[in-house]
Amino acid sequence: MANITMYGGVGEIGGNKVLLEEGKTRIFLDMGQSFGFGEEYFTGFLGARDRFGLRDYFELNLVPKIPGLYSKETLEGTGYRYRKPMFDGIFLSHIHFDHTWHLRFVHPDIPVCLGEGTKIIMDSWVTTSKDFFGEHDFQTFRTGDRIKLDGIEVEPIHVDHSVPAAYGYIIHTKKGTIVYTGDFRKHGSHSELTEDFLARVKEERPIALICEGTRVASEEKRKNYTEAEVKSHSKAVVRKAGKKLVVTTFYPRDVDRMRTFYEVAKATGRKFVVSAKTAHLLTALGKDPGIKLPDVIRNKHLLVYVRELKRYPSWEKDFEKKAVNAEYVHKNQDKLILQLDFFHFNELVDIQPKKGSHFIHSKSEPFVEDDIEEEVKNNWLDRFGLKQHQLHASGHCSMEEIKTIVKDIDPKVLIPIHCEEPELFKSMAKKVILPILGKGFEV
Ligand SMILES: [Zn+2]
């Protein structure tokens, strides 16, 4: 028997932490942080005292006490006994923080296995922010590699998701194959990746399928397009914009969306002005032969927006040749599509877009009705006369797609994860286990 314990991703979207044990082998699938992490105790300037490592998180039951997982440093001052590492590895499915962010607590000697592309994205993230995932023994893989541990063999296969280098895992144990989907979709720019994964999974006739269910919900409230639709609708917005500016915002590591807006700019004779962070990520990923991206420095359709700062981070200097400022954007509104993240909306003060310019919100619609950020965003848009368009392709399969996939794979046991209504999985397979947080079960 293999044992599975879920320490996150139970009855919620994100926060995945799955412990898989067979014989002496113990691995974690993902090490994420929940989206609403700590929101019942922390707000505004009231937060956890990170200088005390896990002390506040343990006291408030926000992080599970797992022997042999955490670093000496994070346990100091918690009163919880330090133990030598007791895990063979942590396998990351992709870079999103709801799958990776608790790595910062993990013991540096526990190997962290991740896709080559995921490591590149992580390095770019760390370079361009104050965030830090901690010191680790990183071991990178590509699709088709097999990672042999004591009693099990882990086979990562690429899937399509809203970030490059996303993987599902096929885990070969003595008792049979266990599959973990990570996050995945079929309507993105690279559905063939997901098809490769699903075809391989089907061959295996898994004893257990741990399947994500972000969009498995009794009601789908948000509008969803395919990546191709986001592109065609955005093109239409830009074509109609005439002399006016088009501004857009999307998730910081959604490289497909970056490519989409780049292609829209090319097709409409405009230039795509990306943030310095986006330029850094595109340049870093450009080195990965598996990911085709335009070269920020050489490509004539790309420019880099540089904010006026007192001091510039050294990595921004790489883009000096392509740098443009607010004044340039103001003067060339009819020739540009500008990436402007919510936290940089104050740049509008300097850009002064023409009234009736356009804003493409290329992210999920807000999850709650009285979302403060949404209200503030709308105030800025109103103040500067920007017309809003909602155009986004989700990173996840629809409920109907999940149903078909599960039926097709026909696993002995189905285990939902990353889903607010896991009970909706009950009718999808003969045997469904609804996990309880922190309580192990056998498969
Ligand atoms: Zn994700």
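Source: prediction; values computed, not measured.

A. Representation of the pairing of strand β1 (residues 3-8). Bridge analysis of β1 against strand β20 (residues 441-442) gives two bridges, and the strand direction is antiparallel. When the sheet's bridge partners are listed, Asn 3 is paired in β20 with Glu 442.

B. The coordination of the zinc ion, seen in detail. Within the first shell, the zinc ion binds the protein through His 94 (NE2), His 96 (ND1), His 161 (NE2) and Asp 183 (OD), at distances of 2.2 to 2.4 Å. Linear spacing of the donor residues for the zinc ion on their chain is H-x1-H-x64-H-x21-D. Of this pair, His 96 sits in the loop between β4 (89-91) and α3 (97-100) while Asp 183 is found in the loop between β10 (176-180) and α5 (191-204), placing the two residues 87 residues apart along the sequence.

C. Seen up close, the sheet that holds strand β5 (residues 111-115). Strand order in this open sheet of seven strands is β6-β5-β4-β3-β2-β1-β20, and the pairing throughout is mixed. Each having just a single partner strand, β6 (137-141) and β20 make up the two edges of the open sheet. Relative to strand β3 (residues 25-29), strand β2 (residues 17-22) runs antiparallel, the two sharing five bridges. Counterpart to Glu 21 in the pairing with β3 is Arg 26. Helix α4 (residues 116-127) rests against β5 and β6 of the sheet, and its axis sits at about 100 degrees to β5.

D. Geometry of the domain arrangement of the protein. The domain architecture assigned to the protein consists of domain 1 (3-218 + 395-442) and domain 2 (227-390). Inter-centroid distance (C-alpha atoms) of domain 1 to domain 2 is 31 Å. On the side of domain 2, 15 residues touch domain 1, which itself brings 20 residues to the contact. Between domain 1 and domain 2, roughly 1,500 Å² of surface is buried when both sides are summed, and carbon and sulfur atoms account for 58% of that area. The largest contributions to the domain 1 side of the interface with domain 2 come from Ile 120, Thr 128 and Pro 164, which together make up 31% of the buried area. Inspection of the domain 1/domain 2 interface yields two salt bridges. Linking domain 1 to domain 2 there are six residue pairs in polar contact (both at pLDDT 80 or more). Class assignment of the residues belonging to the side of domain 1 that touches domain 2 gives a composition of six nonpolar, 11 polar and three charged.

E. Here's a closer look at the sheet that holds strand β16 (residues 336-339). Strand order in the open sheet formed by seven strands is β15-β14-β13-β16-β12-β17-β18, and the pairing between neighbours is parallel. Across the chains shown, the open sheet's two edge strands, defined by having one partner strand only, are β15 (323-324) and β18 (387-390). In the sheet, strand β13 (residues 271-275) pairs with β16 via three bridges, with the strands oriented parallel. Directly across from Lys 271, in β16, lies its bridge partner Leu 336. With respect to the sheet, helix α6 (residues 227-241) is in contact with β12 (246-250), β16, β17 (358-362) and β18, its orientation differing from that of β17 by roughly 170 degrees. Of the strands in this sheet, β12, β13, β14 (302-305), β16 and β17 touch helix α7 (residues 255-267), which is tilted by about 150 degrees from β13.

F. View of the packing of α4 against helix α8 (residues 276-285). In the contact formed by α4 and α8, the axes pass within 9 Å of each other and the chain directions differ by 150 degrees. In terms of axis orientation, α4 runs roughly antiparallel to α8. Between α4 and α8 lies a crossing whose hand is right-handed. Contact with α4, carried on its side by Gly 117, Ile 120, Ile 121, Ser 124 and Thr 127, involves His 280, Leu 281, Ala 284 and Leu 285 of α8 and no other residues of that element. Looking at the contact of α4 with α8 residue by residue, the class counts come to five nonpolar, four polar and no charged.

G. Fine view of the packing of aromatic side chains. A complete count under the given rule lists 21 aromatic pairs for this structure. Aromatic side chains Phe 28 and Phe 87 sit 5.3 Å apart centroid to centroid with 50 degrees between the ring planes, which places their arrangement in the tilted category. Here the residue Phe 28 occupies a position in strand β3, and Phe 87 occupies one in the loop between α2 (72-75) and β4, the gap between them amounting to 59 residues. The lysine or arginine in question, Arg 55, covers the ring of Phe 52, its NZ or CZ lying 4.0 Å from the ring centre. Across the ring face of Phe 384, the terminal group of Arg 383 is positioned such that the distance to the ring centre comes to 5.7 Å.

H. Highlighting α7. Compared with the 18 Å implied by 1.5 Å per residue over 13 residues, the 18 Å span of α7 between its first and last C-alpha is a close match. Within α7, 10 of the 13 residues are buried, which leaves the element mostly enclosed by the surrounding structure. When we look at burial in α7, the residues that qualify are Val 255, Asp 256, Arg 257, Met 258, Arg 259, Thr 260, Phe 261, Tyr 262, Val 264 and Ala 265. Gly 269 lies just past α7 and shows a positive phi near 70 degrees.

So, how was this worked out
- Residues numbered from 1 in each chain as written.
- Predicted model: local features only at pLDDT ≥ 70, side-chain atom pairs only at ≥ 80, totals over all residues.
- Heavy atoms only, no water.
- Pairing = 2+ DSSP bridges.
- Helix = DSSP H or I, 4+ residues; strand = E, 2+ residues; numbered from the N terminus.
- Donors = N, O, S within 2.8 Å, 3.2 Å for Na, K, Ca; no water.
- Contact = heavy atoms within 4.5 Å.
- Axes fitted to C-alpha atoms, helices over the stretch in contact; angles between N-to-C directions.
- Domains from an automatic or database assignment.
- Buried area = accessible area lost by both parts, 1.4 Å probe.
- Salt bridge = Lys/Arg side-chain N within 4 Å of Asp/Glu carboxyl O.
- Polar contact = N/O pair within 3.5 Å; in protein donor to acceptor, adjacent residues only side chain to side chain.
- Nonpolar A, V, L, I, M, F, W, Y, C, P; charged D, E, K, R; others polar.
- Parallel < 35°, antiparallel > 145°, perpendicular 65-115°, else oblique.
- Left-handed = near helix turned anticlockwise from the far one by under 90°.
- Phe/Tyr/Trp six-rings, centres within 6.5 Å; stacked < 30°, edge-to-face > 60°.
- Lys NZ or Arg CZ within 6 Å of the ring centre and 35° of its normal.
- Expected span 1.5 Å × (residues − 1).
- Buried < 20%, exposed > 50% of the residue type's maximum accessible area, 1.4 Å probe, protein only.

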